[in-house]
Amino acid sequence: MLCIYTDFMICDCLPALCLSHQKGRLHRVSSPSTALGKSQEVLQMENGDWQYMIQSQMTDPVTLNVGGHLYTTSLSTLQRHPDSMLGAMFRGDFPTARDAQGNYFIDRDGPLFRYILNFLRTSELTLPFDFKEMELLRKEADFYQIEPLIQCLSDTKPLYPLDTFEQVVELSSTRKLSKYSNPVAVIITQLTITTKVHTLLEGISNNFTRWNKHMMDTRDFQVSFTFGPCDYHQEVSLRVHLVDYISKQGFTIRNTRVHHMSERANENTVEHHWTFCRLARKVDD
């Protein structure tokens, strides 16, 4: 299954230069082609100096297929560390491969690349509190030759204070859609909040009374709201309010994912998941 995440001869990636010289006036030459879809212009000034004005901005999106997982980022992010393997790839020093859709392909661990990419974006290493693949991540960092990340992973200092732990909230939206209606009709939709943070579940029960008639399932660590065909649009409104409420409790979105499946001949099921996390301090018993 191809997982999409929605934030190499490199001569295929960067435009070639075509230079022309005509003394005494400004002369413009456009590159013949570029895989990024923009032209690169070279301007010659009257004093004989060449000024390279690249219209293909370093912020243009680039899509990578890393072990079957798609990541979209900018060229400037990939070249954040010029001495790294990615920097060399997008500088034209290494050959590149592409998948059937034309995305740059890297045959490495797809899920772990999100931590590599986030480090390139922020220069900070942020890992889940219960992260258990540190050795694999070290190997990935070594493969990509990102020296600051290698040094960060070599640091024996714990990523989080020892007296803290991570609290998690899972928010899921499940929609059953009719296959044969046009436009597609929603048969039923359900929102479920799962967490061991009891105060959050109590807050949701107390602050979302407008949707009480839809609260069909409450368990120790879970609250569910179910909407039928006539009022399914209210699920979107509730979801927006829930995301805002959870965020205001100090949680941040860790990841999102979408899953499509077909259970019956006449309907499809689409599931959206959001994972929120926050650090909390341990309390001695």
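Source: prediction; values computed, not measured. (Residues numbered from 1 in each chain as written. Predicted model: local features only at pLDDT ≥ 70, side-chain atom pairs only at ≥ 80, totals over all residues. Heavy atoms only, no water.)

As for the overall build of the protein
No. 1: The number of helices and strands found in the protein is seven helices and 14 strands.
No. 2: In the protein, which comprises 285 residues, the proportion classed as buried is 39%.
No. 3: If you sum the accessible surface of the protein, you get close to 16800 Å²; carbon and sulfur atoms cover 53% of it. (Helix = DSSP H or I, 4+ residues; strand = E, 2+ residues; numbered from the N terminus. Buried < 20%, exposed > 50% of the residue type's maximum accessible area, 1.4 Å probe, protein only. Areas by Shrake-Rupley, 256 points an atom, 1.4 Å probe, with all protein chains shown as cover.)

Considerations on the confidence of the model for the protein
No. 1: Summary statistics for the protein give a mean pLDDT of 75 and a share of 72% for residues scoring 70 or more.
No. 2: Here strand β4 (residues 50-54) stands out as the element of the protein with the lowest mean pLDDT, 35, in contrast to strand β8 (residues 104-106), whose mean of 94 is the highest.
No. 3: Across residues 4-56, where pLDDT falls below 50, the model places 112 contacts with residues more than four positions away in sequence or in other chains. (pLDDT = per-residue confidence, 0-100. Contact = heavy atoms within 4.5 Å.)

Thoughts on the pattern of salt bridges
No. 1: Inspection of the entire model under this criterion finds seven salt bridges.
No. 2: For E140, the salt bridge identified is with R108, shortest N-O distance 2.9 Å. Of the two residues, E140 is situated in helix α4 (residues 134-144) and R108 in the loop between β8 and α3 (113-122); the sequence distance between them amounts to 32 residues.
No. 3: Assessed through its relative accessible area of 27%, R108 is described here as partly exposed.
No. 4: For D244, the salt bridge is made with K248, and the minimal N-O distance between the two is 3.2 Å. On the criterion of helical spacing, the pair formed by D244 and K248 is a turn pair, its members being four residues apart in helix α7 (residues 233-248).
No. 5: A relative accessible area of 40% means that D244 is categorised as partly exposed. (Salt bridge = Lys/Arg side-chain N within 4 Å of Asp/Glu carboxyl O.)

A look at the nonpolar core
No. 1: Core analysis: the biggest nonpolar cluster contains 29 residues, and L64, L86, F90, F113, L137, Y144 and L149 have the highest contact counts within it.
No. 2: At six residues, α3 tops the list of elements feeding residues into this core.
No. 3: Membership of the second largest hydrophobic core comes to 20 residues, among which are I204, F208, F225 and F276. (Core = buried A, V, L, I, M, F, W, Y, C linked by side-chain atoms within 4.5 Å.)

A word on the packing of aromatic side chains
No. 1: Counted according to the given criterion, the structure contains seven aromatic pairs.
No. 2: Each ring, one from F113 and one from Y144, has its centre 5.5 Å from the other, and the planes form 55°; the classification is tilted. Here F113, found in helix α3, pairs with Y144, found in helix α4; they are 31 residues apart in sequence, far enough to count as distant. Per residue, the accessibility class of F113 equals that of Y144, and both read buried.
No. 3: Consider the rings of F143 and Y144, whose centres lie 5.0 Å apart with planes at 80°: the pair is edge-to-face.
No. 4: The class for F143 is partly exposed, based on a relative accessible area of 29%. (Phe/Tyr/Trp six-rings, centres within 6.5 Å; stacked < 30°, edge-to-face > 60°.)

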